[in-house]
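# Results of the structural survey
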Amino acid sequence: MHGYEMIQEIAERSAGAWKPSPGSVYPTLQLLEDEGLIANESEGGKKLFALTESGRAAADEGPDAPWEEAGRGVDWEALNDIRQAGFGLMEAFGQVWKTGTKEQREKALTVINEARKKLYLILADED
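As a starting point, this report considers the structure included with it. Small disclaimer: the values here were computed from a predicted structure and weren't measured.

## Some thoughts on the overall build of the protein chain
The secondary structure content of the protein chain amounts to six helices and two strands. Secondary structure elements of the protein chain, listed N to C terminal, follow the sequence α-α-β-β-α-α-α-α. The C-alpha radius of gyration of the protein chain comes to 21 Å, more than 25% above the 14 Å expected for a compact globule of 127 residues. Residues counted as buried form 15% of the 127 residues belonging to the protein chain. Contacts spanning at least 24 positions in sequence make up 33% of the contacts within the protein chain whose residues lie at least 6 apart. Each charge class in the protein chain was averaged separately, 14 positive and 24 negative side chains, and the resulting centres sit 12 Å apart.

## Observations regarding the environment of E106
By the element assignment, E106 lies in helix 6 (residues 102-123). Sequence spacing of E106 and V96 is 10 residues, and the spatial spacing of their C-alpha atoms is 9.7 Å.

## Brief notes about the side chain of H2
Within the secondary structure layout, H2 lies in the segment before helix 1 (3-13). Ignoring any residue separated from it by four or fewer positions in sequence, one finds H2 in contact with K46, K47, L48 and F49.

## Describing the environment of T110
Summarising the element assignment, T110 is placed in helix 6. When its relative accessible area of 40% is taken as the criterion, T110 is described as partly exposed. Residues T110 and A57, spaced 53 residues apart in sequence, show a C-alpha to C-alpha distance of 55 Å.

## Things to note about the packing of helix 1 against helix 2 (residues 22-34)
Direction vectors running N to C along helix 1 and helix 2 enclose 120°, while the axes themselves pass 10 Å from each other. Between helix 1 and helix 2, the angle falls in the class oblique. Like other packed secondary-structure pairs, helix 1 and helix 2 cross with a definite hand, here right-handed. Of helix 2, the residues touching helix 1 (which contributes G3, Y4, M6 and I7) are P22, V25, Y26 and L29. Taken together, the residues of the contact of helix 1 with helix 2 break down into seven nonpolar, one polar and no charged.

## Observations regarding the pattern of salt bridges
Counted under the stated rule, the structure contains one salt bridge. A salt bridge links E9 to R13, with the shortest nitrogen-to-oxygen separation between them at 2.7 Å. Here R13 and E9 lie together in helix 1, a separation of four residues that amounts to about one turn. Assessed through its relative accessible area of 25%, E9 is described here as partly exposed.

## What to know about the packing of helix 5 (residues 76-99) against helix 6
Running from amino to carboxyl end, helix 5 crosses helix 6 at an angle of 155°, the nearest separation of the two axes being 9 Å. The pairing of helix 5 with helix 6 is recorded here as roughly antiparallel in orientation. By crossing handedness, the relation of helix 5 to helix 6 is classed as left-handed. Contacts from L89, F93, V96 and W97 of helix 5 reach helix 6 at Q104, R105, A108, L109 and I112. Across the contact of helix 5 with helix 6, the residue classes break down as seven nonpolar, one polar and one charged.

Rules of the game
Residues numbered from 1 in each chain as written. Predicted model: local features only at pLDDT ≥ 70, side-chain atom pairs only at ≥ 80, totals over all residues. Heavy atoms only, no water. Helix = DSSP H or I, 4+ residues; strand = E, 2+ residues; numbered from the N terminus. Rg over C-alpha atoms; globule rule 2.2 N^0.38 Å. Buried < 20%, exposed > 50% of the residue type's maximum accessible area, 1.4 Å probe, protein only. Contact = heavy atoms within 4.5 Å. Lys, Arg positive; Asp, Glu negative; His and termini not counted. Charge placed at Lys NZ, Arg CZ, Asp CG, Glu CD. Axes fitted to C-alpha atoms, helices over the stretch in contact; angles between N-to-C directions. Parallel < 35°, antiparallel > 145°, perpendicular 65-115°, else oblique. Left-handed = near helix turned anticlockwise from the far one by under 90°. Nonpolar A, V, L, I, M, F, W, Y, C, P; charged D, E, K, R; others polar. Salt bridge = Lys/Arg side-chain N within 4 Å of Asp/Glu carboxyl O.

Dropping the structure here:
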């Protein structure tokens, strides 16, 4: 498969807990290719990567699939609640930033900065 497909596959296999960035995937693919663990061929203008015999042997000797570990112990319902809250906050902030006056944008920035500090205080067990 090509790099983008790998990113999507990892995200799917980890149920969204891990979605590597192109900036980490493509250099890793190049490194694996340099080490002879994968090979590529072009198809329709895209590079398709596959394990070599050496790559299969290394994969068999290696640890469990990292995407399995990434999703272990995750409270998916809580994670979804957190994501929705974060997206909602950023949506509201973006709306104020795009349409608000200078004073409204400054107030919104203050709210965001205060919220960030309060979140860190939760970890410190302080009010």
